[in-house]
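Here is what each chain is made of, one letter per residue.
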Amino acid sequence: MTVWDDLVGQDRVREQLAAAAKDADALVTAVTDGEPVEQGSKMTHAWLFTGPPGSGRSTAARAFAAALQCTSPDRALGGEPGCGFCDGCHTSLIGTHADVQVIRTDLLSIGVKETRDLVRRAQLSPAVGRWQVIVMEDADRLTEGAGNVLLKAVEEPAPRTVWMLCAPSLEDVLPTIRSRCRHLTLGTPPVEAVADVLIRRDGVDPERAHSAARATQGHIGRARRLATDERARARRAAVLKVPLRVADVGGCLKAAQELIDTATDDAKQMADEVDVKETEDLKAALGGVAGGRMPRGTAGAMKELEDKQKRRRTRTQRDSLDLALTELTGFYRDVLALQLGSRIAIANVDVQDSLDRIAESSTPAQTLRRIEAVIACRQAMDRNVAPLLAVEAMTMSLRSG
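Residues numbered from 1 in each chain as written. Predicted model: local features only at pLDDT ≥ 70, side-chain atom pairs only at ≥ 80, totals over all residues. Heavy atoms only, no water.

Labelled according to an unreviewed UniProt entry, the protein chain appears under the name DNA polymerase III subunit delta, originating from Streptomyces microflavus.

If you want it as structure tokens, here you go:
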């Protein structure tokens, strides 16, 4: 099993990264041995991975990071870096390699302070590995100030440092940064490829794997959750009933409130799993005693943690709502396909009766307006409109069509 095996349906990207990793290995070997460095290397110091949600941007970046740290003896015999078994590959993939830093945020943005810390780290030489690698999974969440801080590091990189930025699209990254990165675009993986991964790696029943892959339209992470989490399946089933529940104003308002409540419950559940441990760990680090008062001067640190946890709950709620809206968009996309007699595969075949009912009782123009209402709701939440107001406006628009 190589480091590339989890990169689903991205053969072209895999080939490019494998070639770059091989050139990077040759480059480090030449420098170490004092030999001249060949020109025309496919390796560079900054990479930008873009693609739709679920395409595997961060998976590709982590696999590339592991290949750069590969220490397999087969490399000396012409083998490609990225064996998946050596210490360099293994520790990079599980997140314990000293020279691979993976940045993912639970908050709404990445600020200047965090970015400055990364830039300082990026100036260091590798401690045990062949490269110092910084993987930023949410580069689209950089604030403008943080982006400007990062720009300096990307413009003048340390000799053995590699930046890997992940974002949904080029437009989500500052032009000055993306112009200094090598760009790789990932596409949505085929449904069959996603189902195969769920069966092979996660041991999911084939029928359920295909159903989950089809329902999520090739989104690997969502497909895995849907196939393995009963709560995720129950939540999706509730969301897909919304189009049938907006026949009157009361139904619209009730459906909106239930969507908000579900998102809030998801955020609370995640908080219950993470916040308590974080708080206890910080108290112990600051010298607190269980059941006793905290030492003087620690109130600021505790308040900072509370603020971070509150921001994380806000993002979790928004992410849960966004997932529900994505599923609604997929539902109406299927309705439109039925109305127009399209040959594209129906994603939500498990609710075929509901799709047929809505398709027969409305027109394609109404369906398009409903899709636009869902998109408008997502845009409103991006502008920090109160979630309940945004969802209520959407459900009323779904009713009128």
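Moving on, there is more to tell.
Moving on, we come to the overall build of the protein chain. Along its length, the protein chain carries 15 helices and five strands. Taken against the 2.2 N^0.38 rule, which gives 21 Å for 401 residues, the C-alpha radius of gyration of the protein chain at 24 Å falls within 12% of a compact globule. In terms of its C-alpha atoms, the protein chain occupies a principal-axis envelope of roughly 75 × 60 × 40 Å. Going through the 401 residues of the protein chain one by one, you find that 44% of them count as buried. Sequence-distant contacts in the protein chain: of pairs separated by 6 or more residues, those separated by 24 or more amount to 71%. Only carbon and sulfur atoms are counted for the fraction: they give 52% of the accessible area of the protein chain, which is about 20300 Å². Charge-centre separation for the protein chain: the mean point of 54 positive side chains lies 4 Å from the mean point of 56 negative side chains. (Helix = DSSP H or I, 4+ residues; strand = E, 2+ residues; numbered from the N terminus. Rg over C-alpha atoms; globule rule 2.2 N^0.38 Å. Buried < 20%, exposed > 50% of the residue type's maximum accessible area, 1.4 Å probe, protein only. Contact = heavy atoms within 4.5 Å. Areas by Shrake-Rupley, 256 points an atom, 1.4 Å probe, with all protein chains shown as cover. Lys, Arg positive; Asp, Glu negative; His and termini not counted. Charge placed at Lys NZ, Arg CZ, Asp CG, Glu CD.)

Here the focus is the domain arrangement of the protein chain. Along its sequence, the protein chain is organised into domain 1 (9–183), domain 2 (189–227) and domain 3 (247–398). If you look at the interface, domain 1 gives six residues, while domain 3 gives seven residues. In total, about 610 Å² of surface goes out of reach between domain 1 and domain 3, with carbon and sulfur atoms giving 57% of it. Linking domain 1 with domain 3 are zero salt bridges, by the criterion used here. (Domains from an automatic or database assignment. Buried area = accessible area lost by both parts, 1.4 Å probe. Salt bridge = Lys/Arg side-chain N within 4 Å of Asp/Glu carboxyl O.)

In this model, the second largest pocket occupies a volume close to 610 Å³. As for the second largest pocket, its lining consists of 21 residues, of which Leu107, Glu114, Glu304, Lys308 and Arg311 are closest to the centre. Grouping the amino acids of the lining of the second largest pocket by side-chain chemistry returns eight nonpolar, four polar and nine charged. In this structure, the lining of the second largest pocket is formed jointly by two domains, domain 1 (9–183) and domain 3 (247–398), each of which donates at least three residues. (1 Å grid on protein atoms, 1.4 Å probe; cavity = no way out; pocket = protein on both sides within 12 Å on 5 of 7 lines; lining within 4 Å. Points joined across faces, edges and corners; volume = space filled by probe spheres on them. Nonpolar A, V, L, I, M, F, W, Y, C, P; charged D, E, K, R; others polar.)

Located in the positive-phi region is glutamine 217, a residue other than glycine, with phi close to 55°. As for its position among the elements, glutamine 217 is in the loop between helix H8 (206–215) and helix H9 (220–228). Residue glutamine 217 is classed as partly exposed on the basis of its relative accessible area of 35%. With a phi close to 65°, asparagine 384 is a non-glycine residue in the positive phi region. Inspection of the secondary structure puts asparagine 384 in the loop between helix H14 (364–382) and helix H15 (387–400). The exposure class of asparagine 384 is exposed, given its relative accessible area of 53%.

All right, on to the sheet that holds strand E2 (residues 100–103) then. Spatially, E2-E3-E4-E1-E5 is the arrangement adopted by the five strands of the open sheet, whose pairing is parallel. Bordering the open sheet on either side are E2 and strand E5 (182–185), each of which pairs with just one other strand. Each strand axis lies, on average, 15° off the axis of its neighbour in the sheet, ignoring direction. Across four bridges, E2 lies against strand E3 (residues 132–136) in parallel orientation. By the bridge assignment for E3, valine 102 is matched with valine 135. Against the sheet, helix H2 (residues 57–68) makes contact with strand E1 (46–50), E2, E3 and strand E4 (161–167), and its axis sits at roughly 165° relative to E4, the strand it touches most. (Pairing = 2+ DSSP bridges. Axes fitted to C-alpha atoms, helices over the stretch in contact; angles between N-to-C directions.)

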